[in-house]
Amino acid sequence: MRTSSSSTPVDKALAERAEAAYLGLALGDALGATVEFMTPREIRDKYGVHKEIRGGGWLRLRPGSVTDDTTMSLSLGEAILADGGRVEPLSCAMAFDGWMRAKPVDIGNTVRRNLVAFRRSGEPVAPPSEHDAGNGAAMRVLPVALATLGQPDAAVRAAVRAQAHVTHNNPDSDAAAEFLALAVQEGLHGGALRGVYRRGIQPFVQKSPVFAYRTRRRENPSGWVVETMQAVLQSLLLTDSFEKCLIDVVNRGGDADTTGAIAGMLAGAIYGHDALPARWLKALDPVAREACATQARKLVALTSA
Ligand code: MG
Ligand code: MG
């Protein structure tokens with residue numbers, strides 16, 4: 001991963017890729033939410049191949065609506081911006097708590113439990129737990145990746161854990177979230193898929209073999225971050241475009257809004273803005289679209305401040 005500091009001011013291509021990563025997250029979330037918790041066979045029976053942003057799903061979403069994957073990321077990003085680019089556990093916990101009070105359309109069990117505990121104790125760091133290996137901390141990691149661009153890997157990893165441990169204090173969750181932030185950064189710096197593979201994915205699965213994905217096709221990925229990442233990495237490596245990657249991953253069913261969101265942030269960073277399908281951008285909720293694009297640019301601007 002790169003550790004050199006980025007140029008000042010933030011170059012246009014980088015800002016555009018950052019925006020593509022954030023929009024990619026929201027597009028994957030909106031696309032996948034329709035088929036969340038369905039099996040691949042149920043998806044095939046109902047849609048053939050699910051490839052349009054159409055809302056519905058178990059949350060009965062309006063077409064283009066996003067879920068917690070995007071809205072938690074946005075609330076985290078706001079907290080980071082308010083702290084001038086620092087990732088402070090207490091600010092993150094307060095932001096997530098405010099997000100929960102606003103009654104989001106969906107919320108993960110681990111997130112809810114540890115935010116309720118924070119309300120009681122005021123302690124923003126959740127206790128370590130071998131059970132808290134859900135994908136909730138990984139799915140919202142993008143604003144940290146953008147705010148820490150150009151920082152040494154160790155600083156990026158520490159910032160990732162600072163937000164992650166508010167709800168998920170678990171080594172597998174950490175490994176996935178840290179990998180994602182660094183891989184997104186690699187993509188933003190112009191690393192094509194091959195570079196992201198060599199410098200990001202390969203060392204990640206070597207160091208954390210639980211995430212190895214070269215077994216059979218991962219379908220119905222659960223909210224366990226290991227299954228989530230296996231599905232995402234398979235889809236990313238089996239395809240050669242943003243659109244194909246997202247269609248491949250959400251049609252695996254399971255926690256499809258989250259696999260879509262994570263695949264979307266990676267593929268957005270790697271393939272860039274021009275690769276985002278225009279029909280999907282048009283279908284995306286305009287408020288979410290604007291919020292993601294604006295926040296992406298503000299976060300990367302921090303690196304030149
Ligand atoms: Mg969701
Ligand atoms: Mg989900």
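Residues numbered from 1 in each chain as written. Chains lettered and ligands numbered in written order. Predicted model: local features only at pLDDT ≥ 70, side-chain atom pairs only at ≥ 80, totals over all residues. Heavy atoms only, no water.

The next subject is the packing of helix α10 (residues 193-207) against helix α11 (residues 225-238). Across the interface, α10 lies against α11 with an axial gap of 12 Å and an inter-helix angle of 150 degrees. The orientation of α10 relative to α11 falls into the category roughly antiparallel. Considering how the two elements wind past one another, α10 and α11 form a crossing that is left-handed. Every residue of α11 that contacts α10 at Leu-193, Tyr-197, Ile-201, Phe-204 and Val-205 is listed here: Leu-233, Leu-236 and Leu-237. (Axes fitted to C-alpha atoms, helices over the stretch in contact; angles between N-to-C directions. Helix = DSSP H or I, 4+ residues; strand = E, 2+ residues; numbered from the N terminus. Parallel < 35°, antiparallel > 145°, perpendicular 65-115°, else oblique. Left-handed = near helix turned anticlockwise from the far one by under 90°. Contact = heavy atoms within 4.5 Å.)

Per the stated rule, a full pass over the model turns up four aromatic pairs. Note on Phe-242 and Trp-280: the rings are 6.3 Å apart at their centroids and 65 degrees apart in plane angle, and the pair reads as edge-to-face. Here the residue Phe-242 occupies a position in helix α12 (residues 242-250), and Trp-280 occupies one in helix α14 (residues 278-283), the gap between them amounting to 38 residues. On the accessibility criterion, Phe-242 (0% relative accessible area) is buried. (Phe/Tyr/Trp six-rings, centres within 6.5 Å; stacked < 30°, edge-to-face > 60°. Buried < 20%, exposed > 50% of the residue type's maximum accessible area, 1.4 Å probe, protein only.)

Here we take up the coordination of the magnesium ion (ligand 2). Put simply, the ideal angle at a metal is 109.5 degrees for four donors in tetrahedral geometry and 90 or 180 degrees for six donors in octahedral geometry. Protein coordination at the magnesium ion (ligand 2): the donors are Glu-36 (OE), Asp-255 (OD), Asp-257 (OD) and Thr-258 (OG1), at 2.0 to 2.6 Å from the metal. The metal-metal distance between the magnesium ion (ligand 2) and the magnesium ion (ligand 1) comes to 3.6 Å, with Asp-257 coordinating both. (Donors = N, O, S within 2.8 Å, 3.2 Å for Na, K, Ca; no water.)

Looking at the largest pocket, its volume works out to about 380 Å³. Ile-107, Gly-108, Asn-109, Asn-135 and Asp-255 are the residues nearest the centre of the largest pocket, which is lined by 22 residues in total. No other element matches the three residues that helix α5 (residues 109-121) contributes to the lining of the largest pocket. What the second largest pocket holds in volume is close to 200 Å³. As for the second largest pocket, its lining consists of 15 residues, and the residues nearest its centre are Arg-157, Phe-179, Pro-203, Phe-204 and Lys-207. (1 Å grid on protein atoms, 1.4 Å probe; cavity = no way out; pocket = protein on both sides within 12 Å on 5 of 7 lines; lining within 4 Å. Points joined across faces, edges and corners; volume = space filled by probe spheres on them.)

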